[in-house]
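The lines below spell out each chain.
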Amino acid sequence: MSTPPVIVTSGLTKNYGSGRGLFGMDLEVREGEVFGFLGPNGAGKSTTMRLLLDLIRPTSGSARVLGHDTVRGSLDIRRRVGFLPGDLALYPKLTGRKMLDYLAQLRGGVDPRTRDALVERFGADIDRPIRELSTGNRQKLGLVQAFMHEPELLILDEPIAGLDPLVQQSFHALLGEVSAQGRTVFLSSHTLSEVERVTHRLAILRQGQLVVVDSLENLRKVAVQRVEIEFAEPVDADEFRALRGVTEVHADGRTVTVGFEGSADAVVKAAATHEVLALRPREEDLEDIFLRYYRSESAA
Amino acid sequence: MSLPVAKLALRLRLPAAVSAAIGLLAVMAAVGALFPSVGHTIGSLKVPKSVANLLGGGDYGTITGWFRSEIAAIYGPLVIGALAITGASATTAGEEEDRILGLVLAHPIRRHRLVAAKAVAIAGIVLIVALGSWIGLIVGVAVGGGGITLAHMTALAVQLAFFGFATGALALALGAGTGRRSLATGAAAAVGILGWLINSFAPLVGALDWMKYLSPFYYYAGHDPLTHGVYIVGVIVLGLVSLALTAVGMIGIERRDLRA
């Protein structure tokens, strides 16, 4: 029997007026997956997370997290969730240690060994007042507090903001371990490479509406394919533009890059009328996918 | 009530509270020291009734009137009210605007329990300042040559504490209910100043005399605690108003979205 989704939203709406907010979101996040939530600023990513934690209430629709309604069962949810807000703020006068102690007390205590291991892993400075810490060092404290009680679900809003590449690497490794333990991660980002590196599935959000929810693998399957063809002599790029299914053609000397949808047959046959030195398929990256969804929605 | 929240809120505001308490103590000692040399001179001045009322209506020629005008009417409520109002609005709406509350309330703590804990912390701040006032009164009156009983000095400190509870609870209710620090601070301060003016001027106009009952100053010092001791009705009214306003804040924050 399959386990129920960790997050389920049904027509979840938060209308701030003037077209701002989140509108009719239906989403499921499964247990043990690292789910990426992608979108430009103001798309509704943080709004969704705040709704899930009952920091704000929906205008209509509902959401369930770990089996509990986000409004009626918020206390049970918050016990089992670790949260890193996108605009992390901590008490500036406290040291990192005191801040973590305080947040641990709000949870009724955490295992100090887990906390210390996270502090060491991220190289967090917990003995200086928070007001003296850099953005990156504050973010490390944010990550420690989110993970230190070993929650079943982690809701992380822009988690790598301000982190140096080494700490980012350490964080991504931790996400892998957490997922392997069957715990779930719901993270937002506008750093496409991060989402590409760590997520199992992703959702693209634009102007408060879900544009697509799928695995990166599936998104790539339906994506525009590109092939780079190196000829022995320069060829006329217009030969390819006229072909069925071709969406774009770039010529650079003896090399022509062709983007197309559907079968590659026409492109291959057209290329075969010339001497072909090399044929290199180019995988569409997440940025291309993201921008394509973004543009198609803008055009709609 | 959440004990960790109350302890941290108290701790973060302790330096300001201790400074204010020491400052009040020093002012009261200085006021007491001035009395033997200037009290009788000022006491012979004829001031308009309205001005006298603004200054507590005391007779400057006596040490009770001197302290009533200098401390009970102005310094005491000003310091304790300012600290209670700024503390209550900062610990609720201020933390919300600074985005700290969003992180705290992502933890398993109910919003109304958080507000109750903040209320306890502000009450602690008020008590520290009231204690400083009480010690300051004892020192000041002794330096000024004595003349006010310990019970009456204690009564002023008690009334002052309840005045602080009420003004702090108003700022807490506004801060927790709206999440807007400037609104909470400004509106609570405005109510305090308006209350002071109403209590001073309303009794001068027969038809408006009833308005004094709307002022927290009436319940705080309307019965002159330095002369008559604790005004039980005043303490009860200020206490009930404080509890009611705290309840308003606890309910208000449960019924709205966090702003940041």
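Residues numbered from 1 in each chain as written. Chains lettered and ligands numbered in written order. Predicted model: local features only at pLDDT ≥ 70, side-chain atom pairs only at ≥ 80, totals over all residues.

**Some points on the overall build of chain B**
Move 1: A tally of helices and strands in chain B yields ten helices and zero strands.
Move 2: Ordered by position from N to C terminus, the α and β elements of chain B give α-α-α-α-α-α-α-α-α-α.
Move 3: The C-alpha atoms of chain B give 19 Å as radius of gyration, which agrees with the globular expectation for 260 residues (18 Å, within 12%).
Move 4: Reported as C-alpha extents along the three principal axes, the dimensions of chain B are approximately 60 × 40 × 30 Å.
Move 5: Expressed as a percentage of its 260 residues, the buried residues of chain B come to 53%. (Helix = DSSP H or I, 4+ residues; strand = E, 2+ residues; numbered from the N terminus. Rg over C-alpha atoms; globule rule 2.2 N^0.38 Å. Buried ≥ 20, exposed ≤ 12 C-beta atoms within 10 Å, placed from the backbone.)

**Comments concerning the interface of chain A and chain B**
Move 1: At the interface, 19 residues of chain A touch 17 residues of chain B.
Move 2: Those elements giving two or more residues to the side of chain A that touches chain B turn out to be helix 2 (74-80) and helix 3 (96-106) of chain A.
Move 3: Of the residues that constitute the side of chain A that touches chain B, the class distribution is twelve nonpolar, one polar and six charged. (Contact = placed C-beta atoms within 7 Å. Nonpolar A, V, L, I, M, F, W, Y, C, P; charged D, E, K, R; others polar.)

**Brief notes about the sheet that holds strand 5 (residues 68-69) of chain A**
All names here are of chain A.
Move 1: The strand order across the open sheet built from four strands is 2-1-4-5, with neighbouring strands paired in antiparallel fashion. Whereas interior strands pair on both sides, the edge strands pair on one side only; in this sheet they are strand 2 (20-29) and strand 5.
Move 2: Of the pairings in the sheet, the one linking strand 4 (residues 60-65) to strand 5 comprises two bridges and is antiparallel in character. Counterpart to Val65 in the pairing with strand 5 is His68. (Pairing = 2+ DSSP bridges.)

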